[in-house]
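Commentary on secondary and tertiary structure
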Amino acid sequence: MIQRWLGTVCATVLMGLTGPGSPAQAAESLPGVVVFTTGGTIQSKGAHRQKLSEYSDGRVTPLELLADLPELSEIARVEVREVSNLGSGNMTTELQLKLAKGINEALSRPDVAGAVVTHGTGTLEETAYFLHLVVRSEKPVVVVGAMRPWSAISRDGPLNLYNAVRTAVTPEAVGKGVFVLLDDTIHSARWVTKGNTTRVETFVSREIGPLGYADADKVVFYRTPLTRHTAKSEFDVSTLTNLPPVDVVYGYQEASAEPLKALVTAGAAGIVLADGSPAVTQALLGAVSKGVAVVQSDRKGSGRVLLSERQAGRGVVTADSLNAQKARILLRVALTKTKEPRELQRIFNEY
Ligand code: ASP
């Protein structure tokens, strides 16, 4: 596993444009953007250009990504930091914490206007929501990926990355938290989910819709997220090296209670239920009595899980409109502050 900072590489330096009165000097006045690379399809290659779904992650280096986009030097001074070069199924808490700390450090610099993160689309929404909760800055953070490998005919990665950097330097993007951007569409990390296995328009914010678009003429916003995030968040991961373990239990007809019981025995600090069954409901009472935090989410993909006096009386927290994988992220972060169900519910209501 590659885990190293590449250090600072300006796009202008990549192109060799230096000297007094040169484009490099003009570039000094451009806003700074730090691109953190983690891997995914945007950094993958297949055996030939027609291979749209068979390819290997970890094949395109951060420098190749930037060298492919000389146009970036016209809009920003781009620095790149490699966090990893992995498929997003391999993303770890350790890497996410390293990423969050690196972004917080970069955004504290006055010369940096925003940050961009490359990520595999499979679990992209989880990392994006995690950053939405723990980045402590008003400056934009844009998480970007691709649905087609770098080697493919009509690959989508370069335009997505170019649009991500454009968005990161857009003044209207300030204070709106972390974004996910693919297919010219800007989503809030709070609402976005991957909704399709293969299509380039896979990311959707069901019910709520996107925040805006990165169009050819300009980056345009039509709305702003109202839940708490980034600069207004109460969460601080600066000294953390791990997060409490939380797992998800999926519900279906006659779902067995055994997975839930096994996870509790294995030491889960929290369980998120994506729906349930009578047996699971019975078992969760045992989990709560052992001090395990239980959050009720749903498997339908949209809509709120409503607050209910009966669930609150059992010590069960409701996930509002967070899907199970994102409720898991919030519960892990929330458990760094409290295990108390009413306080956890307050957090789920606010974030
Ligand atoms: N295999 C990829 C991942 O890392 C899928 C993608 O990036 O689209 O999740």
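Everything that follows concerns the structure shown earlier in this document.
As a convention, each chain's residues are numbered from 1 in the sequence order in which they are written. Under the rules for a predicted model, residues below a pLDDT of 70 receive no local features and side-chain atom pairs below 80 are neither given nor counted, while totals for whole chains, interfaces and linings still include all residues. Calculation of side-chain values draws on the structure's entire complement of heavy atoms; hydrogens and water are dropped beforehand.

Only the contacting stretch of a helix is used when fitting its axis, a line to C-alpha atoms as for every element, and angles between N-to-C directions run 0 to 180 degrees. A run of DSSP states H or I qualifies as a helix once it reaches four residues; a run of E qualifies as a strand once it reaches two. Both are numbered from the N-terminal end. Two elements in contact, helix α5 (residues 124–134) and helix α10 (residues 324–334), have axes whose closest approach is 9 Å; the angle formed by their N-to-C orientations is 35°. Of the two possible hands of crossing, α5 and α10 adopt the one that is right-handed. Across the interface between the two elements, Glu125, Glu126, Tyr129, Phe130, Leu133 and Val134 from α5 touch Gln325, Lys326, Arg328, Ile329, Leu330 and Val333 from α10. Throughout this entry, Asp, Glu, Lys and Arg are counted as charged residues, while Ala, Val, Leu, Ile, Met, Phe, Trp, Tyr, Cys and Pro are counted as nonpolar. The remaining residues, Gly among them, count as polar. Its residues assigned to classes, the contact of α5 with α10 comprises 7 nonpolar, 1 polar and 4 charged. Handedness of a helix crossing follows the sense of rotation of the near helix relative to the far helix, less than a right angle counterclockwise being left-handed and clockwise being right-handed. Pairs of residues are marked as contacts when any of their non-hydrogen atoms sit within 4.5 Å.

Here we take up the pattern of salt bridges. Any carboxyl oxygen of Asp or Glu within 4 Å of a side-chain nitrogen of Lys or Arg constitutes a salt bridge here. The final tally for this structure, using the stated rule, is 19 salt bridges. Ionic pairing is found between Lys300 and Asp298, a salt bridge with its closest N-O pair at 2.8 Å. Ionic contacts of the salt-bridge type, sharing partners, join the residues Arg77, Glu79, Arg81, Arg109 and Asp111 into one network.

In this section: the site of the ligand. The ligand sits among Gly40, Thr41, Asp57, Gly87, Ser88, Gly120, Thr121, Gly122 and Ala146. N or O atoms closer than or at 3.5 Å make up a polar contact, with two conditions inside protein: a donor-capable atom paired with an acceptor-capable one, and, for residues adjacent in sequence, both atoms drawn from side chains. In the model, an oxygen atom of the ligand is placed 2.4 Å from a nitrogen or oxygen of the Thr121 side chain. Contact between the ligand and Ala146: an oxygen atom at 3.2 Å from a main-chain N or O atom of the residue. What sets the accessible areas is the Shrake-Rupley method with a 1.4 Å probe; for residues, cover comes only from the shown protein chains. Protein chains bury 83% of the 270 Å² of accessible surface belonging to the ligand in isolation. Each residue belonging to the shell around the ligand can be placed in one class, and the counts come to 1 nonpolar, 7 polar and 1 charged. Proximity criterion: a residue is near a molecule or strand once any of its heavy atoms comes within 4 Å of it.

With that settled, consider the sheet that holds strand β6 (residues 185–188). We treat two strands as partners when DSSP finds at least two bridges between them. Taken in spatial order, the 8 strands of this open sheet run β2-β1-β3-β4-β5-β6-β9-β10, and their pairing is mixed. With partners counted over all chains shown, the strands left at the sheet margins are β2 (77–82) and β10 (219–221), one partner each. Across the sheet, the axes of successive neighbouring strands diverge by a mean angle of 25°, strand direction being ignored. The pairing of strand β4 (residues 141–144) with strand β5 (residues 178–182) spans 4 bridges and is classified as parallel. Bridging from a neighbouring strand, Val142 pairs with Phe179 of β5. Contacts between helix α4 (residues 93–107) and the sheet are confined to β1 (32–37), β3 (112–118) and β4, with β3 contributing the most and set at about 160° to the helix.

Working definition: rings of Phe, Tyr and Trp (its six-membered ring) pair if their centres are within 6.5 Å, and the pair is stacked with planes under 30 degrees apart, edge-to-face with planes over 60 apart, and tilted otherwise. One pass over the full model with this rule turns up 2 aromatic pairs. With centroids separated by 5.0 Å and ring planes inclined at 45°, the aromatic side chains of Phe235 and Tyr351 adopt a geometry described as tilted. Taken together, the residues span a long stretch of sequence, with Phe235 in the loop between β10 and β11 (246–250) and Tyr351 in the segment after α11 (341–350) at a distance of 116 residues. With a 1.4 Å probe rolled over the protein chains alone, any residue whose accessible area is under 20% of its type maximum counts as buried; one over 50% counts as exposed, and the rest are partly exposed. A residue is classified by how much of its surface remains accessible, and Phe235, at 1% relative accessible area, is buried. Accessibility expressed as a relative area gives 0% for Tyr351, which makes it buried. Cation placement over rings: the criterion is NZ of Lys or CZ of Arg within 6 Å of the ring centroid and within 35° of the ring normal. The ring of Phe221 carries Lys176 above its face, with NZ or CZ at 5.0 Å from the centroid. When the ring centre of Tyr129 is taken as reference, the NZ or CZ atom of Lys326 above it lies at 5.6 Å.

Within the secondary structure, Glu234 sits in the loop between β10 and β11. A polar contact of 2.8 Å, which involves the side chain of Glu234, links it to the side chain of Arg346. Residues in contact with Glu234, not counting those within four places in the same chain, are Arg136, Arg228, Lys337, Arg346, Ile347, Glu350 and Tyr351.

Of the positions making up α11, those classed as buried are Leu344, Gln345, Ile347 and Phe348. When α11 is viewed along its axis, its buried side chains cluster within an angular range of 160° and face the same direction. Elements that come into contact with the buried residues of α11 comprise β13 (293–297), β14 (316–318) and α10. Directions are taken from the helix axis to each C-beta atom, and the arc is the one they span.

It is worth spelling out the environment of Glu105 at this point. If you trace the backbone, Glu105 turns up in helix α4. As a C-alpha pair, Glu105 and Gly270 span 165 residues in sequence and 30 Å in three-dimensional space.

Turning our eyes to something else, we now look at the sheet that holds β13. Either a parallel or an antiparallel arrangement is found when strands of a sheet pair, and the pairing is made through backbone hydrogen bonds. If you trace the 4 strands from one edge of the open sheet to the other, you get β11-β12-β13-β14, paired in parallel fashion. Every interior strand has two partners, whereas the edge strands, β11 and β14, have only one. Within this sheet the neighbouring strands show an average axis-to-axis angle of 25°, counted without direction. Pairing of β11 with strand β12 (residues 270–274), which is carried by 5 bridges, proceeds in the parallel orientation. Note that in β12 the partner of Val246 across the bridge is Gly270. Sitting on the sheet, helix α7 (residues 258–265) is in contact with β11 and β12, with an inclination near 170° to β11.

With that settled, the discussion passes to the nonpolar core. By convention a nonpolar core is built from buried Ala, Val, Leu, Ile, Met, Phe, Trp, Tyr and Cys residues, the set being connected through side-chain atoms within 4.5 Å. Counting 57 residues, the largest nonpolar core has Ile103, Phe130 and Leu131 as the members making the most contacts within it. Beyond its immediate sequence surroundings of up to four residues, Ile103 is in contact with Phe36, Ala115, Val117, Leu131, Val135 and Val141. The next biggest cluster of nonpolar side chains, apart from the first, holds 28 residues, and it includes Ala76, Val78, Val116 and Ala173.

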